[in-house]
Amino acid sequence: MSASDISTEVLVCSARGCRASAGWSLRWNNPRLHPPERRKTWLACDEHRGSLGDFLAARGFLREVAPLTESPTLEGWTRT
Ligand SMILES: [Zn+2]
């Protein structure tokens, strides 16, 4: 038990089995499931940014890719 369990939550890559800390946020939308303004977010490490991005782009879901380092406070971050 330690107080750091809460305060040091690390944002990890969304790729299956990957435990690397994420440096990128991939915003996507599936028009068949989501209203157009809706954004789902996957997190990606440097290694998986390409493969996760390609996966979404191939389906026409990818909307934007943003570096997490530009928003260190993660203001507006929503976990869905
Ligand atoms: Zn990864």
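No experiment lies behind these values; they were computed from the predicted model shown.

**Q** Looking at this structure, how should I read the overall build of the protein?
**A** When helices and strands are counted, the protein shows 2 helices and 3 strands. Put simply, the protein runs from its N terminus to its C terminus through helices and strands in the order α-β-β-α-β. Residue burial in the protein is summarised as follows: out of 80 residues, 16% are buried. A sequence separation of at least 24 residues applies to 57% of the contacts in the protein between residues at least 6 apart.

**Q** Would you explain helix H2 (residues 46-58) in this entry?
**A** In a regular helix each residue adds 1.5 Å, so 13 residues correspond to 18 Å; H2 covers 19 Å between its end C-alpha atoms and thus fits that length. Within H2 the residues assigned to the buried category are His48, Arg49, Leu52 and Leu56. Here the buried residues of H2 occupy an arc of 120° about the axis, which is enough to place them on one side. More than 90 degrees from the buried face of H2, the exposed residues found are Gly50, Ser51, Asp54 and Ala58. Where H2 is buried, its residues touch strand E1 (24-28), strand E2 (40-44) and strand E3 (62-67). Backbone geometry just after H2 places Gly60 at a positive phi near 75°.

Rules used in this analysis
- Just so you know, the residues in each chain are numbered from 1, in the order the chain's sequence is written.
- Given that the model is predicted, a residue must reach a pLDDT of at least 70 before its local features are reported, and side-chain atom pairs must reach 80 or more before they are shown or counted; all residues, however, enter totals for whole chains, interfaces and linings.
- A run of H or I in DSSP counts as a helix once it spans at least four residues, and a run of E counts as a strand once it spans at least two, with each numbered from the N terminus.
- Neighbour density around each residue's C-beta defines its exposure: 20 or more other C-beta atoms within 10 Å make it buried, 12 or fewer make it exposed, and counts between make it partly exposed, where C-beta atoms are placed from the backbone.
- In this description, any two residues whose backbone-derived C-beta atoms lie within 7 Å of each other are considered to be in contact.
- The length a helix should cover is 1.5 Å for every residue beyond the first.
- Directions pointing from the helix axis toward each C-beta atom define the arc.

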